[in-house]
Amino acid sequence: METKSIKAFGTPAADKSLEQLTIHRREVTAKDIEIEILYCGVCHSDLHTARNDWGGTIYPAVPGHEIVGKITKVGSDVTKFNVGDLAGVGCLVDSCRTCESCKHDLEQYCLTGFTGTYNGKDKHLGGHTFGGYSEKVVVDEHFVLKVPANLNLAAVAPLLCAGITTWSPLKHWNVKQGSKVAVVGLGGLGHMAIKLARGLGATVTLFSRSAGKTADAKELGADEVIISTDVEQMKLVKGKFDLIIDTVPYVHDVNPYVGTLNISGTIVLVGYLGGLEPFLNTVPMILGRKSVAGSVIGGIAETQEMLEFCGKHNIVSEIEVIKMQDINHAYERMLKSDVKYRFVIDMASLKN
Ligand code: NAP
Ligand code: ZN
Ligand code: ZN
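Since the structure is predicted, the reported quantities are computational estimates derived from the model, not experimental observations.

### Looking at the sheet that holds strand β11 (residues 203-208)
Okay, so step 1: Judged by pairing direction, the sheet is parallel, and its six strands sit side by side in the order β12-β11-β10-β13-β14-β15 without closing on themselves. In this open sheet, the two edge strands, each paired with only one partner strand, are β12 (224-227) and β15 (291-294). Adjacent strand axes in the sheet meet at a mean angle of 20° when their direction is disregarded.
Okay, so step 2: Two strands pair when backbone bridges link them, and strand β14 (residues 261-269) and β15 are joined in this way by four bridges, in the parallel orientation. Bridge pairing in β15 links L269 to G294.

As structure tokens, then:
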């Protein structure tokens, strides 16, 4: 298969910094679109993958799955896009397209596994996929999103992961006018969860460890902030919420949050992957018909719906634009929760 070599930024090993390297992209096939990447958001999953937190990272790893850019080439059978259009690519670039999940627009739950934008199995070239910390990406048009033209393009990039990952559970659990929603953690996902829940008409509470984020949270649309380490404050919201979206990336005690759900309420874990510690107490779940659930990103149709909602309601991410060369420092700041509230890489810096 014909390929071209392009510049990218990635890491050769879990304990190494990210650096410039060369990767290969396929030439467009009939259904493909080639996108020149203008901006790429920095998700905590990029950091988990670069450092092999989840195991299974294949090196060199080129992260990045919050991609927006301009279309530079389209294959002969492409119908939805033209050269020059703006486009977005999120966390998935392929799936089987035939299983029950795929047939119901749930590509993220493809029964044979979706192809991640990075660290996935590259069905075209063999080897693994490389993400958006690169000059260009080539993707089947089914997995390419139309981007609303009225929004700041750099601030749209995080919608492709942080946006859809929080939108999907809000929709699945039917959040609407008057719903009582809480969000755990004010980072990339958390700040989008606040904005989107508010956009859907919910009242929103933020649970945070960081008292310093209260004013920001209210500006983003939270009605109330509860410092999760303060037992007295936690008591104030006992039995209150219909839905909690928990975005914390590392193992933490979920039990105090279960206590703040109302009867039949659900806490959806979208951050931490792995066993819960110290334990999960089933008593409040059984006696209050409460659920502890999980959710991963969202399907392509649902992502398009979310982008259109954001276009209509003027919702974008709060961003700090960085150069590609600043990525290692950005990861260190992310580990300290020192991000307001999403880093976005200006990919023009990769050309220098
Ligand atoms: P982020 O920007 O780093 O935000 C995470 C927030 O969680 C922090 O701002 C902090 O908020 C809180 N936090 C961090 N460490 C904590 C700890 N040890 N204990 C308690 N709270 C802590 O990360 P993100 O990009 O939003 O991603 C969040 C998680 O979601 C990551 O694990 C990522 O891999 C995952 N993710 C999942 C999906 C999915 O499809 N399910 C998609 C994208 C990302 P406060 O300072 O307010 O406490
Ligand atoms: Zn992500
Ligand atoms: Zn499938």
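Next, the rest of the story.
### Points about the coordination of the zinc ion (ligand 2)
Okay, so step 1: On the protein side, the zinc ion (ligand 2) has C43 (SG), H65 (NE2) and C161 (SG) as donor atoms, found 2.0 to 2.2 Å from it.
Okay, so step 2: Counting the intervening residues between successive donors of the zinc ion (ligand 2) yields the motif C-x21-H-x95-C. Here C43, found in the loop between β3 (32-42) and α1 (44-50), pairs with H65, found in the loop between α1 and β4 (67-74); they are 22 residues apart in sequence, far enough to count as distant.
Okay, so step 3: Classification of C43 as buried rests on a relative accessible area of 3%.
Okay, so step 4: Overall, H65 belongs to the buried group, its relative accessible area being 8%.

### Quick look at the pairing of strand β13 (residues 241-246)
For a regular strand, side chains alternate in direction, first toward one face of the sheet and then toward the other.
Okay, so step 1: Here β13 lies mainly inside the structure; five of its six residues are buried.
Okay, so step 2: With four bridges joining them, strand β10 (residues 180-184) and β13 adopt parallel strand pairing. In the sheet register, V181 faces β13, and the bridge partner there is L243.
Okay, so step 3: Sheet topology places β13 next to β14; five bridges connect them, and they run parallel. Bridging across to β14, F241 finds its partner in L261.

Cut-offs applied
Residues numbered from 1 in each chain as written. Chains lettered and ligands numbered in written order. Predicted model: local features only at pLDDT ≥ 70, side-chain atom pairs only at ≥ 80, totals over all residues. Heavy atoms only, no water. Pairing = 2+ DSSP bridges. Helix = DSSP H or I, 4+ residues; strand = E, 2+ residues; numbered from the N terminus. Axes fitted to C-alpha atoms, helices over the stretch in contact; angles between N-to-C directions. Donors = N, O, S within 2.8 Å, 3.2 Å for Na, K, Ca; no water. Buried < 20%, exposed > 50% of the residue type's maximum accessible area, 1.4 Å probe, protein only.

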